Amino acid sequence: MAPEAIVAQDLTYNYGNLVAVDHVSFSVADNQIIGFLGPNGAGKSTVVKMLSGQLRPKAGKATVLGVDVARWPKRVQAQAGICFEITNLYEEMTAVDNLNLFARLFSVNGFDAEALLNRVGLGGRGHDLVSRYSKGMKQRLMVARALLNRPKILFLDEPTNGLDPVSAEAIRNIILEERERGATIFLTTHDMMEADKLSDRVAFINQGRIAAIDTPLALKQKYGKRSLKAQVMGSDGRLKSREVALDEASTPEAVSELFSKEQVVTLHSEEATLEDIFIRITGRGLV
């Protein structure tokens with residue numbers, strides 16, 4: 001079994017009277033992508049800040065890469081890359097200057113700024129002022145900055161939120177490449193399709209608590225329902241929809257009846273999405 005890169009035990013944080021994270025416990029294996037899935041305000045970003053040493057828990061404990069984060073946050077940060085949804089770049093500096101500045105701040109030597117920019121799709125734009133960048137370009141630069149120190153663990157907070165499809169796909173590919181390199185990735189998102197595509201395991205967080213945690217497949221098998229969706233030609237010449245539930249004792253008979261009594265035009269299987277399951281478990285949507 002792979003060692004645990006992250007262990008959270010009863011993590012709790014409140015902003016005044018608002019309990020943002022309420023006794024959250026979970027673990028993440030080394031070289032795994034975990035998707036923290038929940039709507040805005042569910043507590044995702046606060047969990048990231050506690051795990052990365054930017055907030056001290058009001059209660060509970062977090063261990064990252066074997067280090068107690070509250071006691072030695074700098075040790076964790078030296079081995080981590082962090083990318084938040086809100087950009088905090090120096091916009092009147094160039095992209096190369098931004099990377100070089102953060103490399104000096106974190107004592108990172110021997111990195112190639114241009115190669116890193118090429119990797120995130122910003123090749124040839126390294127000497128442009130960041131103020132001239134689009135939102136997608138700034139987000140790519142944030143990701144590049146998070147990769148400066150070849151981190152053992154990556155904290156990515158809504159890394160593709162609001163991006164165009166090309167920029168979003170580029171960042172998803174980098175996430176998978178980093179996992180292939182050996183990094184552990186903690187990904188927060190409210191995009192259920194992104195979580196499904198990227199994550200080895202998914203945690204549903206709602207109102208500061210974890211409602212479920214497992215692989216996407218296991219969650220679908222436990223809480224979801226599969227079905228066959230068909231379009232049939234009605235007697236009036238119009239297409240009508242039919243649905244047959246799968247995995248039930250009556251399924252074979254229902255499918256046989258569908259084909260014997262209807263003129264089937266199209267047929268495809270459909271499984272529950274992570275959003276369907278999130279709504280079923282928590283009673284609320286992801287947006």
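1. Some remarks on the pattern of salt bridges
This structure, assessed with the given rule, holds 14 salt bridges. The salt bridge involving K138 is made with E91; its shortest N-O contact spans 3.0 Å. Here E91 lies in the loop between β6 (80–83) and α3 (95–105) and K138 lies in helix α5 (residues 135–146), a separation of 47 residues in the sequence. In this structure, R125 engages D128 in a salt bridge whose closest nitrogen and oxygen atoms are separated by 2.4 Å. Put simply, R119, E177, E178 and R181 are held in one network by salt bridges that share partners.

2. Digging into α5
Taking 1.5 Å as the rise per residue, α5 with twelve residues should run 16 Å; its terminal C-alpha atoms sit 17 Å apart, in good agreement. Taken together, the buried positions of α5 are occupied by G136, M137, K138, Q139, R140, L141, M142, V143, A144, R145 and A146. For α5, the elements touching its buried residues are β6, α3, α4 (113–119), β7 (153–157) and α6 (165–181).

3. Quick notes on the packing of α5 against α6
At their nearest, the axes of α5 and α6 sit 10 Å apart, and the two run at 10° to each other. With respect to their mutual orientation, α5 and α6 come out roughly parallel. Touching G136, Q139, R140 and V143 of α5 are V166, S167, A170, I171 and I174, all from α6. Of the residues that constitute the contact of α5 with α6, the class distribution is five nonpolar, three polar and one charged.

4. Some points on the sheet that holds strand β13 (residues 264–270)
Strand order in the open sheet formed by three strands is β12-β11-β13, with antiparallel pairing between adjacent strands. Across the chains shown, the open sheet's two edge strands, defined by having one partner strand only, are β12 (239–245) and β13. Each neighbouring strand pair of the sheet contributes to a mean axis angle of 20°, computed without reference to strand direction. Note that strand β11 (residues 227–233) and β12 share seven bridges and pair antiparallel. Note on β12: the bridge partner recorded for A230 is R242. Across the face of the sheet, helix α9 (residues 251–261) comes into contact with β11, β12 and β13 while running at roughly 160° to β12.

Rules used throughout
Residues numbered from 1 in each chain as written. Predicted model: local features only at pLDDT ≥ 70, side-chain atom pairs only at ≥ 80, totals over all residues. Heavy atoms only, no water. Salt bridge = Lys/Arg side-chain N within 4 Å of Asp/Glu carboxyl O. Helix = DSSP H or I, 4+ residues; strand = E, 2+ residues; numbered from the N terminus. Expected span 1.5 Å × (residues − 1). Buried < 20%, exposed > 50% of the residue type's maximum accessible area, 1.4 Å probe, protein only. Contact = heavy atoms within 4.5 Å. Axes fitted to C-alpha atoms, helices over the stretch in contact; angles between N-to-C directions. Parallel < 35°, antiparallel > 145°, perpendicular 65-115°, else oblique. Nonpolar A, V, L, I, M, F, W, Y, C, P; charged D, E, K, R; others polar. Pairing = 2+ DSSP bridges.

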